[in-house]
Amino acid sequence: GLLNYDGDAAYRRDTCFKVGARGHYDPRACLTASGKRPVILVVGDSHAADLWPGLAPYRDRFDILQATATGCTARLYPVDTTNGCERIVNLALRDYIRRSPPAALILSSRWIARWSGGLEATLRDPVVRAAHPVLIGPNPEYSTGLPRLLVDASRRGDPALVQRALMPDPFVQDRALRRIAARTGTPYISLVDLLCRKQVCTTFAGPATPLLWDDHHFSGAGSRVVVEAMMPRIVAAMATPR
């Protein structure tokens with residue numbers, strides 16, 4: 001099933017999720033609020049886009065806006081950048097939230113040390129702070145696709161195979177992001193805490209449905225499980241005066 005899953009399509013590729021240099025992004029469809037409901041704005045790379053299937057069921061309560069593009073972490077970029085994905089992130093973080101601060105701003109990315117530079121400065125920016133930012137930690141990550149690992153583990157009768165394939169970097173980044181969130185007074189949601197105990201992480205989102213469809217992106221069902229667990233924290237951040 002999930003071996004042929006098209007995650008990018010499920011994350012709104014070529015509408016609200018720009019994939020690659022030639023991908024398309026439509027700000028009118030993705031950064032326009034109805035004015036009737038509180039706005040949750042999701043900004044980042046594919047690790048922000050993979051929250052869309054989980055957020056979509058909440059559209060009766062919130063306007064869910066999305067500014068996502070592969071290869072750009074959720075942070076402010078130079079005003080004059082010509083890079084396509086950086087311009088999409090800036091459109092959200094420099095233009096949109098200045099005009100209309102959302103009820104919550106979700107910043108999520110595949111946080112890797114060399115890419116998370118600039119995050120602390122972004123979280124100290126007064127315009128970003130007025131938008132009620134919530135920082136989301138890294139997804140668990142495996143050395144190869146989780147659905148295939150689960151099949152192999154079951155075939156070989158070796159359940160520990162999956163745990164051995166868990167990558168250490170998200171745990172390292174989780175600690176670094178937690179410190180940045182604490183220093184800047186930003187609510188932080190640790191997906192490692194949510195999904196893992198010690199070095200063993202949840203692998204299924206439901207009966208026979210893997211949490212991830214590849215090595216580090218949530219399946220549709222995985223996204224729904226994760227967002228449902230995060231939602232009380234996101235709502236709490238909306239009500240917290242900064």
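Structure shown above.
Report follows, based on the coordinates. Just so we're clear, the structure is a prediction, and the values are computed from it rather than from any experiment. The residue numbering used here restarts from 1 in each chain and proceeds along that chain's sequence as written. The predicted origin of the model limits local features to residues at a pLDDT of at least 70 and limits the giving and counting of side-chain atom pairs to 80 or more, whereas totals for whole chains, interfaces and linings rest on all residues. Hydrogens are left out, water is left out, and the side-chain values use all remaining heavy atoms of the structure.

### Description of the overall build of the chain
Helices and strands together make up the secondary structure of the chain, namely 12 helices and 10 strands. Values of the radius of gyration come from C-alpha atoms, whereas the globule rule sets the reference at 2.2 Å times the count of residues to the power 0.38. Against the 2.2 N^0.38 benchmark of 18 Å for 242 residues, the chain shows a C-alpha radius of gyration of 17 Å, consistent with a compact globule. Counting only C-alpha atoms and orienting by the principal axes, one finds that the chain spans roughly 55 × 35 × 35 Å. Each residue is placed in one exposure class: buried if its accessible area under a 1.4 Å probe, protein chains only, is under 20% of its type's maximum, exposed if it is over 50%, and partly exposed if it falls in between. With 242 residues in all, the chain has 52% of them scored as buried. Any two residues having at least one pair of non-hydrogen atoms within 4.5 Å are treated as being in contact. Within the chain, contacts between residues separated by at least 24 positions form 72% of all contacts whose residues are at least 6 apart in sequence. Once the 31 positive and 22 negative side-chain charges of the chain are each reduced to a mean point, those two points are 3 Å apart. Numbering of helices and strands starts at the N terminus; helices are DSSP runs of H or I of at least 4 residues and strands are runs of E of at least 2. Counting rule applied: Lys, Arg positive; Asp, Glu negative; His and chain ends not counted. Note that the charge is assigned to NZ on lysines, CZ on arginines, CG on aspartates and CD on glutamates.

### Re the state of the cysteines
In a disulfide, the sulfur atoms of two cysteines are held together by a covalent bond. We call a pair of cysteine sulfur atoms a disulfide when they lie within 2.5 Å. One pass over the full model with this rule turns up 3 disulfides. Covalent S-S linkage joins Cys16 and Cys30, the inter-sulfur distance amounting to 2.1 Å. An S-S torsion of about -85° defines the bridge between Cys16 and Cys30 as left-handed. Of this pair, Cys16 sits in the loop between helix H1 (7–10) and strand E1 (17–18) while Cys30 sits in helix H2 (residues 27–30); the two residues are 14 residues apart in sequence, bridging distant segments of the chain. Each bonded cysteine of the chain gets a number by its place in the sequence, and the pairs then read 1-2, 3-4, 5-6.

### Some points on the sheet that holds strand E6 (residues 188–189)
The criterion for strand pairing is that DSSP finds at least two bridges linking the strands in question. A sheet is described by the order of its strands in space; here 6 strands give the open sequence E1-E3-E2-E4-E5-E6, paired in parallel fashion. Lying at the two open borders of the sheet, with one neighbouring strand each, are E1 and E6. As defined by bridge partners, E1 adjoins strand E3 (residues 63–69) across 2 bridges and the pair is classed as parallel. Paired with Lys18 across the bridge in E3 is Ala69.

### Focus on the pairing of E3
Taken across its 7 residues, E3 has 7 buried, putting it largely inside the fold. Every second residue of E3 is oriented toward a common face, with Asp63, Leu65, Ala67 and Ala69 on one face and Ile64, Gln66 and Thr68 on the other, all of them buried. Bridge analysis of strand E2 (residues 39–44) against E3 gives 6 bridges, and the strand direction is parallel. Looking at E3, one finds that Val39 is bridged to Asp63.

### Side note on the packing of aromatic side chains
Pairing of aromatic rings covers Phe, Tyr and the six-membered ring of Trp, with a centre-to-centre limit of 6.5 Å; geometry is then stacked below 30 degrees between planes, edge-to-face above 60, and tilted otherwise. Taken as a whole and judged by the stated rule, the model has 1 aromatic pair. On the basis of an interplanar angle of 55° and a centroid distance of 6.2 Å, the ring pair of Tyr11 and Phe17 is categorised as tilted. Each member of the pair, Tyr11 as well as Phe17, carries the same accessibility label: buried.

### Focus on helix H8 (residues 146–156)
For H8, the set of buried residues is Leu146, Pro147, Leu149, Leu150 and Ala153. Each buried residue of H8 sits inside an arc of 160° when the element is viewed along its axis, so together they form one side. Seen from the open side of H8, the exposed residues pointing more than 90 degrees away from its buried face are Arg155 and Arg156. For H8, the secondary structure elements touched by its buried residues are helix H9 (160–164), strand E9 (204–206) and strand E10 (209–210). Count one or two residues on from H8 and you reach Gly157, which has phi positive near 60°. Each direction from the helix axis to a C-beta atom contributes to the arc, which is the arc of those directions.

### Describing the pairing of strand E4 (residues 104–108)
Across the 5 residues that make up E4, a large majority, 5, are buried. One ladder, built from 5 bridges, connects E2 with E4; its direction is parallel. What sits directly across from Leu41, in E4, is Leu105. In terms of strand pairing, E4 meets strand E5 (residues 133–136) through 4 bridges, oriented parallel. Counterpart to Leu107 in the pairing with E5 is Leu135.

### Structural notes on the environment of Ala67
Mapped onto the elements, Ala67 comes out in strand E3. In the structure, Ala67 is positioned 53 residues away from Asp14 in sequence and 11 Å away in space, judged by C-alpha atoms. Sequence-distant contacts of Ala67, defined by excluding residues within four places in its chain, comprise Cys16, Tyr25, Leu41, Val42, Val43, Gly44, Ile88 and Ala92.

### Here's the deal with the pattern of salt bridges
Salt bridges are counted wherever a side-chain nitrogen of Lys or Arg sits within 4 Å of a carboxyl oxygen of Asp or Glu. According to the stated counting rule, one finds 7 salt bridges in the structure shown. Residue Arg37 pairs with Asp63 through a salt bridge whose shortest N-O separation is 3.0 Å. Of this pair, Arg37 sits in the loop between H2 and E2 while Asp63 sits in strand E3; the two residues are 26 residues apart in sequence, bridging distant segments of the chain. Taking the relative accessible area as the measure of exposure, Asp63 reaches 7% and is therefore buried. Taking the shortest distance from any N to any O, the salt bridge between Asp174 and Arg178 comes out at 2.9 Å. Of this pair, Asp174 and Arg178 both sit in helix H10 (residues 169–184), separated by 4 residues, roughly a single helical turn. Several salt bridges converge on common partners, so that one network encompasses Glu120, Arg124 and Arg183.

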